[in-house]
Amino acid sequence: MATKTLLLLGTRKGAFLLESDAERRDWTVHGPFCEMWPINHVLGDAETGTIWAAGGNEWFGPAIWKSSDLGRSWSHSSRGLAYPEGSTPVKSAWSLAVGHGRVYAGVEPAGVFASADGGESFAEVKGLSEHPSRPYWMPGGGGLILHHVLLHPDDPDRYWVAISSAGVFETRDGGISFTPRNRGVRCDYMPEDQRYPETGQCVHSIVMAAGRPDRLYQQNHCGMYRSDDGGESWVSIEQGLPSSFGFPAAAHPSDPDRVFLIPLNGDIAGRFMPDARAAVWRSADAGRTWADGRTGLPQEGAYFNVLRQAMATDRHDRPGLYFGTNSGSLYASLDEGASWSRIAENLPVIASVETMVIAA
């Protein structure tokens, strides 16, 4: 069956779609969509073909956009995306997850909202908003944002959220209660005797291993980690990497031992590619060893950044790997990160990259 491959981009000036076939050699750019609102995350549901986009800012407020015709037309809703009167207003929607008949939106200030009516309206998940640790959550450099929601593939009541800078939390009862999942993740910016608190970690990205929902990979402000028990404990896997600091991570779509990430040169050293030489680092053994892929990437003057949601894999048998930069370039690899080609440039700041493979 012929297939269509879509790359879904969230940017500072709307959503963009890139379209190709199964070979993924030539790409057509469509957009910008969403009336050029700031869009933080775009996600596709391959089962229905629906595309979702999360965005907004302090001027527009938050909104979840929806397209049922591959971007030709869009609608959006903000209904229910608000905290109780008197609370800090929701500034923007930052992340999306779709599954088990619901749409989840992570927002700033950090919280999660759920929709059971196809994104027409949302309801606050109060088990997280009312967590006892919430008064102590502090914003990271990008604000107090909930930037990842990971749904368990089989259990509709179980999911994880990642908050900068509060850490990872898990619910097993559909959001009635949440448990911190940060044991083993250090806070280098805290006093030495407070380096491993229950909450307060600045998680940057979290992804789920293919076929093993209890295996999670996390890129943190202070290191790279793996959990094999659903986040109940974490082990450092940063040995062999050029830096303990970075933002995006991506999981291989079929091999739970393979993971990809893009280290940066440090939190106060510029936040660009180490030595200004671009590379994507990959592990085939769950983070025990690492190798860098550089062919086709700029090896001098690479002062760009890659943001926390701006790397993804597709679902082809020969999977593609993609990342977008804050300078508006988009790169693709068809050999699991060994070599790269630039497939788009001069786009706005790319905040997120996701993929969707559908029948042509």
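Preceding block: the structure.
Residues numbered from 1 in each chain as written. Predicted model: local features only at pLDDT ≥ 70, side-chain atom pairs only at ≥ 80, totals over all residues. Heavy atoms only, no water.

**Student:** Explanation requested: the overall build of the protein in the structure shown.
**Tutor:** Each helix and strand counted, the protein has 1 helix and 28 strands in total. The C-alpha atoms of the protein give a radius of gyration of 19 Å, which matches the 21 Å a tight globule of 360 residues would have. When the backbone C-alpha atoms are referred to their principal axes, the protein occupies close to 50 × 50 × 35 Å. The proportion of buried residues among the 360 residues of the protein is 59%. Within the protein, contacts between residues separated by at least 24 positions form 50% of all contacts whose residues are at least 6 apart in sequence. Taken as a whole, the protein presents about 14800 Å² of accessible surface, with 47% of it coming from carbon and sulfur. (Helix = DSSP H or I, 4+ residues; strand = E, 2+ residues; numbered from the N terminus. Rg over C-alpha atoms; globule rule 2.2 N^0.38 Å. Buried < 20%, exposed > 50% of the residue type's maximum accessible area, 1.4 Å probe, protein only. Contact = heavy atoms within 4.5 Å. Areas by Shrake-Rupley, 256 points an atom, 1.4 Å probe, with all protein chains shown as cover.)

**Student:** Mind showing me how you'd approach the sheet that holds strand 1 (residues 3-11) here?
**Tutor:** The pairing of strands in a sheet comes from backbone hydrogen bonds and takes either a parallel or an antiparallel form. The strand order across the open sheet formed by 4 strands is 3-2-1-28, and the pairing between neighbours is antiparallel. Single-partner strands in this sheet number two, and they are strand 3 (28-33) and strand 28 (350-359). The sheet shows a mean angle of 20 degrees between the axes of neighbouring strands, taken without regard to direction. One ladder, built from 8 bridges, connects strand 1 with strand 2 (residues 14-21); its direction is antiparallel. Its bridge partner being in strand 2, Lys-4 is matched across the sheet by Asp-21. (Pairing = 2+ DSSP bridges. Axes fitted to C-alpha atoms, helices over the stretch in contact; angles between N-to-C directions.)

**Student:** Would you mind going over the nonpolar core with me for this structure?
**Tutor:** Within soluble globular proteins, side chains that are nonpolar generally end up buried alongside one another. Formed by 33 residues in total, the largest nonpolar core has its most connected members in Val-280, Phe-323 and Leu-330. When sequence neighbours within four positions are dropped, the list of residues in contact with Leu-330 reads Leu-7, Leu-9, Leu-18, Phe-323, Gly-324, Ser-341, Arg-342, Ile-343, Ala-344, Ile-350 and Val-353. Among the nonpolar cores identified, the runner-up in size contains 18 residues, and Tyr-104, Ala-110, Leu-144 and Phe-178 belong to it. (Core = buried A, V, L, I, M, F, W, Y, C linked by side-chain atoms within 4.5 Å.)

**Student:** Help me out: how do you make sense of the environment of Leu-81 in this one?
**Tutor:** With respect to the helices, strands and loops of the structure, Leu-81 is situated in the loop between strand 7 (75-77) and strand 8 (92-99). Here the alpha-carbon distance between Leu-81 and Gly-61, two residues 20 residues apart in the chain, equals 9.2 Å. Beyond its immediate chain neighbours, meaning those up to four positions away, Leu-81 contacts Pro-62, Ala-63, Ile-64, Val-90, Phe-113 and Phe-122.

**Student:** Looking at this structure, how should I read the layout of surface pockets?
**Tutor:** Leftover empty space is mapped by rolling, across the atoms, a probe with the size of a water molecule. The calculated volume of the largest pocket comes to roughly 1400 Å³. What lines the largest pocket is a set of 46 residues, and nearest its centre among them are Leu-43, Val-98, Leu-150, Arg-315 and Glu-354. Elements represented by at least two residues in the lining of the largest pocket include exactly strand 4 (39-45), strand 8, strand 12 (145-151), strand 16 (203-209), strand 17 (212-220), strand 20 (246-251), strand 24 (311-313) and strand 28. Of the residues belonging to the lining of the largest pocket, the class tally is 24 nonpolar, 15 polar and 7 charged. Approximately 410 Å³ is the volume attributed to the second largest pocket. Taken together, 23 residues line the second largest pocket, and the ones lying closest to its centre are Trp-94, Gly-141, Gly-142, Ile-145 and Arg-308. (1 Å grid on protein atoms, 1.4 Å probe; cavity = no way out; pocket = protein on both sides within 12 Å on 5 of 7 lines; lining within 4 Å. Points joined across faces, edges and corners; volume = space filled by probe spheres on them. Nonpolar A, V, L, I, M, F, W, Y, C, P; charged D, E, K, R; others polar.)

**Student:** Sorry if this is basic, but what is going on with the packing of aromatic side chains here?
**Tutor:** Centre-to-centre distance and the angle between the planes together describe a pair of aromatic rings. Counted by the stated rule, this structure contains 12 aromatic pairs. For the pair Trp-27 and Tyr-322, a centre-to-centre distance of 6.0 Å together with 85 degrees between the ring planes defines the contact as edge-to-face. In this pair, Trp-27 is assigned in the loop between strand 2 and strand 3 and Tyr-322 in strand 25 (residues 321-324), connecting sequence segments 295 residues apart. On the basis of relative accessibility, which here comes to 0%, the residue Tyr-322 falls in the buried class. Between Tyr-159 and Phe-178, the ring centres sit 5.8 Å apart and the planes meet at 75 degrees, which makes this aromatic pair edge-to-face. Of the two residues, Tyr-159 sits in strand 13 (residues 159-164) while Phe-178 sits in the loop between strand 14 (167-171) and strand 15 (179-180), which places them 19 residues apart along the sequence. Here Tyr-159 falls in the buried class, since its relative accessible area comes to 0%. Members of the aromatic cluster, joined through ring pairs, are Trp-37, Phe-60 and Trp-65. (Phe/Tyr/Trp six-rings, centres within 6.5 Å; stacked < 30°, edge-to-face > 60°.)

**Student:** I tried to follow the pairing of strand 3 on my own but got confused; where do I start?
**Tutor:** Strand residues, when the strand is regular, have side chains that alternate between the two faces of the sheet. Alignment of strand 2 against strand 3, held across 4 bridges, turns out to be antiparallel. Residue pairing across strands places Leu-18 opposite Val-29, the latter belonging to strand 3. As consecutive antiparallel partners, strand 2 and strand 3 are separated by 6 residues, and within that stretch Arg-24 has a phi angle of approximately 60 degrees, a positive value.

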